[in-house]
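Observations on the three-dimensional arrangement
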Amino acid sequence: MMKFDRPAERNPIDDQTVVGQPTSRIDGALKTTGQARYAYEQHDVVPDQTYGYLVGAGIARGRIRAIDSRAARDLPGVIEVITWENAGDVTYPGGGTPDYLAGPEIQHYHQAVALVVAESFEAARDGAFLLEISYDRAPGRYALPSLAEGDWPAPDEAREGLEPVDSDTVGDFEAAFAAAPVRIEQRYQTSHESHAMMEPHATIAHWADGRLTLWTATQMVGWAQRSLARLFGIEKSDVRVIAPYVGGGFGAKLAIQSDAVLAAMAARKVGRPVKVALTRPMVMNNTTHRSATLQRVRLGAERDGRLTAIAHQGISGNLAEGRHEPAVSQTKLLYAGANRLTAMHMAILDLPKASDMRAPGEAPGLMALEVAMDELAEALGMDPVELRIRNDTQSDPADPERPFSERHLVECLRTGAERFGWSERSTTPGTRRDGDWLLGMGMAAGYRDNLVRQSAARIRLEQDGSLTVETDMTDIGTGSYTILAQTAAEMLGVPLGRVAVRLGDSDFPLSVGSGGQWGANNATAGLYAACVRLRAMICEMLQMPEAEAQFADGAVTGAGRRVELAELVRDEAISAEDRIEYGDLDETHQQATFAAHFVEAAVNAWTGEVRLRRMLSVCDAGRILNPKTARSQVIGSMTMGIGSALMEELAVDAGAGFFVNHDLAGYEVPVHADLPEQEVIFLDHPDAFSSPMKAKGVGELGLCGVGAAIANALYNATGIRLREYPLTLDGMLERLPPLAPPGP
Amino acid sequence: MKAFSYERARSPQQAAAVVAANPEARFIAGGTNLIDLMKLQIEAPRHLVDVQDLDLHRIEAKEDGGLRIGALVSNTALATDERIRRDYGAVARAIMAGASGQLRNKATTAGNLLQRTRCPYFYDTAQRCNKRAPGSGCAAIEGFSRGLGVIGTSEHCIATYPGDMAVALRLFETVVETVDAEGAVRMIPLAEFHRLPGTTPERDTVLEQGEFITAVHLGPPPEGRQFYQKVRDRASYAFALVSVAALLRPDGTGRVAFGGVAPRPWRVEEAEELLPQGARAVTDRAFRDARPTAGNAFKLPLATRTLAYVMAQAKG
Ligand SMILES: Cc1cc2nc3c(=O)[nH]c(=O)nc-3n(C[C@H](O)[C@H](O)[C@H](O)COP(=O)(O)OP(=O)(O)OC[C@H]3O[C@@H](n4cnc5c(N)ncnc54)[C@H](O)[C@@H]3O)c2cc1C
Ligand code: SF4
C-alpha cells in the first residue's frame, strides 16, 4: 500500500512525455467499429440466454391488489413471470432506496412490479402487456412546498414533510446582512433532471454453483459486487461483476438498479441466464433522477463589492430517509466573507428516488448562487468578473488556517474575460441587437471539490516486454483506458501502443470507480503505486539502485547497464499490485477545482427562442492528464449545462405523481443544432496535494456554473431576469419588446 | 408488440379491401410512427398491409397548374422537389423543420398526414386517455399540458395534431385523394380531413377503416411570399410549440395557418381578412374561442408574436 500523506515531490509523471499529451482514445476504434461489447451485447459469454422485460407500477403510491399472470404465462415463449410473490429471498437495502421489486406496497411510479422472462425479447414484451395488475391507490406528496413570500424555514426548523438536513453558520449572518449597504435577496428554482446517458441500464445475470456473474452497465464495479452479495445473502467473492464498456452514466449507474437485481432474481428462479435492459420510458421513473430544488440566496456587500454576508438555503425532495441534493455546499468555499449561513431542507416526496447526477449539489447550487452574484454586481454597478475577483479567497472562509491546496480562480476569470472579449459586453441589458436577435454576454464561476479515495491496480510486465494493466476501474466514455495506459507508459518507459488496459472486472484489484469526478486522479494514482512497485521489483532483480534507474524506450538503464524489459521476463510475467491510500492532506488543505464560464447568447426578440453563439470555459483542475479526453469531458458538461439551463425538465404530474415526459421525445436534451462554438482552456497547475499524479477531477467541473452563465447572458441580452429553470420562452414572452408598431 | 401477419399490397384497391374487411388490420408505409406505437401497444394491429411497392412515388403536374403528390413520396423527396421548392416553399420548409434526416427519408406523404398525437399521456398505457382507450378519461387536462392544444379541443381530449407538413399544406387548395374497397375515389379537402375530438377523440381523421390515401393534390401556386416559422424549446428535432405557415401578398393580404395549437392545422379564413390590421387582430380572431390550460396559455401570445415575426420578415 502506498500512503499518500505528504505533498508529492518530483516523480516520473512530471516528465510528461506521455501523460499530459492529447492522445486519442486507445479504445476509440473498438467503439466506432462496434467491437466494444456493452452489457446487453454480450450474446456469447454464456449460452441459453433468456430475455426479461420489466413492468413498472402504473401508480405512484398504494398497494398491489392482484397480479393475474395467466394470460402471460400461456403465451408461447414465456418462461416465467417474476413478482414479489415468487421472486425468492432477497434483502433490500431500505434507507431511502425503494425495493427493486415492489410488492405489495408501491413506493413510486414505475417501480418494478414484475419481470416477464421469455425465450425472445418480443415474447417477453408481449407477455408484459398481458399482465393484469390491479392496485389500491394511496395519496402521496409530489411537489416541493410552495412557500409564501417572506416564508422560509429556519435552518434547523422542522415542518410537516420538511426536514432540516444540514446547516452551517460562520459569524453572524443576520446582523451583517441587515447592516450591509448593498443587499440581494432572491429565490431560484431548478428542475428535476434525468441523466439521459446514451446506454440505458442493462444486465445479463448468470448463476452457476451458487455463484453469480453479471455483465452489467455500472460505474462502480466494487459497489455493485457488494450490493448484490448483500441482496442475495452470499459472499462478495461469490459475485463477479463484469463491465468493460459502459455507455455513460452521469451518476445513474453508481448504484445498481432494477435491471441487475431483477435479472439476477430471475436467473436464479429459471435456472438460465437472463438479460434485462430498461427501455427509455422506464429509465426515468424506475431509476433515479436529480431532484428539483428551491433555493434562496441572500448576499450583503460593502459598496466596494466585498461580501460581508452570504446565506444560501435550499430545499430538495426525496423519498423518506433518502439523501438531499447538497445545493449549498459550494457556497461554504467559493467566496470570502465573514458572516455565512448555509442550510438545506429535504421535502419528503413520493416521487421516484432522487440521487446523484453529475456534480451533485454544485450543479444546481451554482445555478442560483452565480445568478445572485450577477444580480449583486448589477446592484453594485460593478463588473461581474471584478466582483468575483474581489471576493476570492485562498483559504477556507470558515477556517483561515486551512488553505486551498491550489486555487487559481482569479486566473481563470482574467484569462476567460480576455479571451472571450468580455470588455465588449454592454453593461446595460437589452441594448445589443443583431437584426431580430437580442444579444448578451454572461459569465459565472465554477467550483467543484476534488475527492481523494483509495484505489488499487495491477501491472504486469509480459514476456514480450509489453505491459498489461488490470483494475476494476470503469471507462464510462470518459477516457479511463487511455489515461491509465498513458500512466503506465510514462512510469515504465514503454511506448503507449505496448500497454494493454483491462478494466471493469471484479476479479481485478478494487479501484475507486467512476463518479464524483474522482476517477481519473485516483485510478491513475493507484496504478502509479503499482508501477512504483514494479519498478522496485525490477531494480531488485537487477540489483540496481532505484534512484539511478531510468525507465525509457522499453529498457531500464542505470549503474552503467542497460537492460531491455523484455529480457527480464523468464517463464512468468512479472506482476505488481498496489493501492494508493490517502492521509489527511484533504483535511489540512481544501482541494478543489475551479472554472470561469463565459457565454454569448442571442434571444429572438419576437419569439423568445434562445440560440447560444459562443461558450468558453477556463478550467483549473490540476495536471490535465490528457487534454483531448479532458476537453471532451468539459464540452460534454457545457452541453449538459445548456440542457439544464434551457430545456431539461422532468415534468411532474402533481396529481398522479410521476414524471410525465418519460422518453427522449418529451424530455429534451440539447441536439447539435443547439450547440454553439465551444472553447475550453485548461490552466495547467499541477496540485501536489491531490496525489502523485498532481491531477484533479475535471468531468464535473465543466458543468458547474454553466447554467448560471447562460442565465446571466439571457438577462444581459433581454433585461429579463428568469429565476426558474429551465429558462424557456414562456417566461419571457410578456416582457420581450412589445409588438406595438413598428414592432420589436 | 403483438404478433401480426403481414402482406404486401398489390394495388391500392386491393389494400383497401383487405384493411376494410378486417378491423384489426392497418396499412404500413414508412412505419416511422406506426411501429413506435406498436412497440408500446398503443396500436396493436393483427395484420399489416405494407403499401411500399405501390406505384405512388411520383409528383405529377396537373392541368390546372397544381401538383399531384403520390401518397408514398418520401418527405425528403417532397421537400427537395424543384417544383415544391419553387412554388410551395412553405411546404418544403415545414418538412425540413420536422423530425430528422433519417426519419424524413423513410416517412411518406400519407403517413405524415396521419401521424398521431404526441400527448405524453397517450404514450403511457398506464394513464387514462380517451384517444387511446375510449371512455377511460383524459389525464392531460388536469395534468402536464404544456405542449397540448388551446383551441378546437374538447373536454374529452386536448391533444394536438403534431405535424408540420400539413400546416403548410393548408395554405393551398389541398385535397386528399382516397380509394376504398370498392374502388370508389373520394376527394377530401385537407380542411376537413383532420377531425376535432368532440366526444370521439379516438378518431383523428374522417377516413373510414380501409380507406386508402393514394395522393395529395395541391392547387395552382398562389401569388405571395411563403413562410414557415416553427418555434420550439430546442433548435431541432422537436415538435412545434407553435408554428405559423403564411402566404403574404405585398398588399398586406394573405393566408395563415397555425400548428401546435389544435387537433388539426388551424386556419380561420375570417381571421386572415384581418391581416392588414396586424398580427394581433388575426390571432385575436383565430383564437377567439381558445380554451387554454394554465400550462399552455403562453401559446396564445406566442402565436401572435410568431405571426408578427413572419409579417415583419415579409416586409423586410
Ligand atoms: C423522433 C421523431 C420525431 C419526429 N418529429 C416530427 C416533427 O418535428 N414534425 C413532423 O411533422 N413529424 C415528425 N415526426 C413524425 C413523422 O413525420 C411521421 O412519423 C411520418 O411522417 C409518418 O410517415 P410514415 O410513412 O412512416 O407513416 P407510418 O408510420 O407508416 O403510418 C402512419 C399511419 O398512417 C397510416 N397510413 C400510412 N400510409 C397510408 C395510406 N396511404 N393510406 C391510409 N393510411 C396510411 C398507417 O396505417 C398508420 O396508421 C417525427 C417522428 C419521430 C419518430
Ligand atoms: S389530451 Fe387526448 S391524447 Fe392526451 S390524454 Fe387526453 S385524451 Fe389522451
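Residues numbered from 1 in each chain as written. Chains lettered and ligands numbered in written order. Predicted model: local features only at pLDDT ≥ 70, side-chain atom pairs only at ≥ 80, totals over all residues. Heavy atoms only, no water.

1. A word on the overall build of chain B
Selection criterion: Counting from the N terminus, the helices are DSSP H or I runs at least four residues long and the strands are E runs at least two residues long. The globule rule is 2.2 Å times the number of residues to the power 0.38, and the radius of gyration it is compared with is taken over C-alpha atoms. Per-residue accessibility, obtained with a 1.4 Å probe over protein chains only, is compared with the maximum for each type, and a residue is labelled buried under 20%, exposed over 50%, and partly exposed between these values.
Summing up its helical and strand segments, chain B has twelve helices and eleven strands in all. In terms of overall size, chain B behaves like a compact globule, its C-alpha atoms giving a radius of gyration of 19 Å where 316 residues would be expected to give roughly 20 Å. If you line up chain B on its principal axes, its C-alpha atoms span 55 × 50 × 35 Å. A total of 316 residues make up chain B; the buried ones form 58% of that total.

2. Some details on the site of ligand 2
Formally: In these notes, residues near a molecule or strand are those with any non-hydrogen atom within 4 Å of it. Polar here means any residue outside two lists: the nonpolar Ala, Val, Leu, Ile, Met, Phe, Trp, Tyr, Cys and Pro, and the charged Asp, Glu, Lys and Arg; Gly therefore counts as polar.
Around ligand 2, the structure places 13 residues, and the nearest of them are Cys-119, Cys-129, Cys-138, Cys-157 and Ile-158 of chain B. Tallied by class, the residues present in the shell around ligand 2 amount to nine nonpolar, two polar and two charged.

3. Notes on the interface of chain A and chain B
Here is the rule we go by: Whether two residues touch is decided by their heavy atoms; if any such pair falls within 4.5 Å, the residues are in contact. Note: buried area is the sum, over both parts, of the accessible area (probe 1.4 Å) each one loses when the two are combined. Each salt bridge in this description consists of a side-chain nitrogen of Lys or Arg and a carboxyl oxygen of Asp or Glu lying within 4 Å of one another. Any pair of nitrogen or oxygen atoms within 3.5 Å is treated as a polar contact; in protein, a donor-acceptor pairing is required on top of that, and neighbouring residues in sequence qualify only through side-chain atoms on both sides.
With 37 residues of chain A at the interface, the matching set in chain B holds 36 residues. When chain A packs against chain B, close to 3100 Å² is buried across both sides, 58% of that on carbon and sulfur atoms. Considering only the side of chain A, the residues that lose the most area to chain B are Phe-129, Trp-606 and Leu-739 of chain A, jointly responsible for 19% of the buried surface there. In this structure, Asp-730 of chain A engages Arg-146 of chain B in a salt bridge whose closest nitrogen and oxygen atoms are separated by 2.8 Å. For the pair chain A and chain B, the interface holds twelve residue pairs in polar contact (both at pLDDT 80 or more). When residues in the side of chain A that touches chain B are grouped by element, the largest group, three residues, is from helix 3 (residues 121-130) of chain A. For the side of chain A that touches chain B, the class distribution of residues is 21 nonpolar, six polar and ten charged.

4. Notes on the site of ligand 1
Residue and element names in this part refer to chain B. The environment of ligand 1 is made up of 30 residues, and the closest members are Phe-27, Gly-31, Thr-32, Thr-108 and Asp-164. Between Thr-32 and ligand 1, the recorded distance is 2.7 Å, taken from a side-chain N or O atom to an oxygen atom. The contact in question runs from a nitrogen atom of ligand 1 to an N or O atom on the side chain of Asp-164, over 2.7 Å. Listed by contribution, the elements that provide at least two residues to the shell around ligand 1 are strand 2 (25-28), helix 2 (34-39), helix 7 (109-113) and strand 8 (212-218). Counting residues per element, the shell around ligand 1 draws most heavily on helix 7, at three residues. Grouping the amino acids of the shell around ligand 1 by side-chain chemistry returns 14 nonpolar, eleven polar and five charged.

5. Some remarks on the domain arrangement of chain A
All names here are of chain A. Filter applied, for reference: Residue ranges assigned to each domain were obtained from an automatic or database domain assignment.
The domain architecture assigned to chain A consists of domain 1 (2-36 + 452-585), domain 2 (39-139 + 201-277) and domain 3 (162-192 + 291-450 + 591-735). Distance from the C-alpha centre of domain 1 to the C-alpha centre of domain 2: 37 Å. Taken together, the contact pairs 21 residues of domain 1 with 20 residues of domain 2. Carbon and sulfur atoms supply 52% of the area that domain 1 and domain 2 bury against each other, a total of about 1400 Å² over both sides. For the domain 1 face of the interface with domain 2, the top three residues by lost area are Ala-36, Ile-476 and Ser-506, together amounting to 32%. Joining domain 1 to domain 2, the criterion identifies two salt bridges. In this structure, Arg-240 and Asp-505 form a salt bridge, with 2.6 Å as the shortest nitrogen-oxygen distance. For the interface between domain 1 and domain 2, the tally reads eight residue pairs in polar contact (both at pLDDT 80 or more). A class-by-class count of the residues in the side of domain 1 that touches domain 2 yields eight nonpolar, seven polar and six charged.

6. Here we look at the environment of Pro-145 of chain A
Residues and elements named next belong to chain A. Along the chain, Pro-145 turns up in the loop between strand 7 (132-137) and strand 8 (162-170). Between the C-alpha atom of Pro-145 and that of Trp-422, which follows or precedes it by 277 residues, the distance is 39 Å. Apart from the residues lying within four places of it in its own chain, the contact partners of Pro-145 are Leu-162, Leu-294, Ile-315 and Ala-347.

7. Overview of the sheet that holds strand 8 of chain B
Residue and element names in this part refer to chain B. Keep this limit in mind: Strand pairing is assigned whenever DSSP detects at least two bridges linking the two strands. In this analysis, axes come from line fits to C-alpha atoms, helices being fitted only over the stretch in contact, and the angle between any two N-to-C directions falls in the range 0 to 180 degrees.
Across the sheet, five strands lie side by side as 4-5-8-6-7; this open sheet has antiparallel pairing. Edge positions in the open sheet fall to strand 4 (59-61) and strand 7 (185-189), since each of these has one partner strand only. Strand-to-strand twist in this sheet, taken as the mean axis angle between neighbours without regard to direction, amounts to 25°. The sheet contact formed by strand 5 (residues 67-70) and strand 8 spans four bridges and is antiparallel. Residue pairing across strands places Ile-69 opposite Val-216, the latter belonging to strand 8.

8. Focus on the pairing of strand 26 (residues 561-564) of chain A
Each regular strand displays side chains that alternate between the two surfaces of the sheet. Strand direction decides the pairing type here: strand 25 (residues 555-558) of chain A and strand 26 of chain A, joined by four bridges, are antiparallel. By the bridge assignment for strand 26 of chain A, Ala-555 of chain A is matched with Glu-564 of chain A.

9. Digging into empty space enclosed by the protein
Residues and elements named next belong to chain B. Quick note on the threshold: Detection works on a 1 Å grid of protein atoms alone, calling trapped sets that fit a 1.4 Å probe cavities and calling open sets with protein on both sides within 12 Å along at least five of seven lines pockets, with lining residues defined by an atom within 4 Å of a point. Grid points are joined across faces, edges and corners, and a volume is the space filled by probe spheres set on the points.
Counting across every chain of the model gives seven cavities of 30 Å³ or more. Of the pockets and cavities examined, the largest cavity occupies roughly 130 Å³. Along the wall of the largest cavity there are 19 residues; nearest its centre are Lys-131, Thr-160, Tyr-161, Asp-204 and Pro-263. Of the residues that constitute the lining of the largest cavity, the class distribution is nine nonpolar, five polar and five charged. Space inside the second largest cavity adds up to approximately 90 Å³. Cys-119, Cys-129, Cys-138, Ala-140 and Cys-157 are the residues nearest the centre of the second largest cavity, which is lined by 17 residues in total.

10. Side note on the packing of aromatic side chains
Residue and element names in this part refer to chain A. Under the convention used in this document: Aromatic pairing here means that ring centres of Phe, Tyr or Trp (its six-membered ring) are within 6.5 Å. Orientation follows from the plane angle: under 30 degrees is stacked, over 60 is edge-to-face, and everything else is tilted. Criterion for a charge above a ring: Arg CZ or Lys NZ at most 6 Å from the ring centre, at most 35 degrees from the ring normal.
Using the criterion set out here, one finds 19 aromatic pairs over all chains in the structure. Taken together, a centroid distance of 5.6 Å and an interplanar angle of 70° make the contact between Trp-422 and Phe-598 edge-to-face. Separated by 176 residues along the polypeptide, Trp-422 in the loop between helix 10 (409-420) and strand 19 (432-434) and Phe-598 in strand 28 (residues 592-604) bring together distant segments of the chain. We classify Phe-598 as buried; its relative accessible area is 0%. Clustering of aromatic rings is evident, with ring pairs tying together Tyr-38, Tyr-245 and Tyr-481. The aromatic ring of Phe-177 is capped on one face by Arg-183, whose charged end is 5.7 Å from the ring centroid. Taking the ring centre of Tyr-715 as reference, the NZ or CZ of Arg-721 above it sits at 3.8 Å.

11. Comments concerning the packing of helix 11 (residues 480-492) of chain A against helix 12 (residues 519-542) of chain A
All names here are of chain A. To keep it simple, the criterion reads: Note on angle classes: values under 35 degrees are labelled roughly parallel, values over 145 roughly antiparallel, values of 65 to 115 roughly perpendicular, and the remainder oblique. When the near helix sits turned anticlockwise from the far one by under a right angle, the crossing is termed left-handed; a clockwise turn instead gives a right-handed crossing.
In contact at an axis separation of 9 Å, helix 11 and helix 12 are set at 30° when each is read in the N-to-C sense. One way to sum up the angle between helix 11 and helix 12 is to call them roughly parallel. Here the hand of the crossing between helix 11 and helix 12 comes out right-handed. Of the residues in helix 12, those touching helix 11 at Ile-483, Leu-484, Thr-487, Ala-488, Met-491 and Leu-492 are Ala-520, Ala-523, Thr-524, Leu-527, Tyr-528, Cys-531, Val-532, Leu-534, Arg-535 and Ile-538. The residue makeup of the contact of helix 11 with helix 12, split by class, is 13 nonpolar, two polar and one charged.

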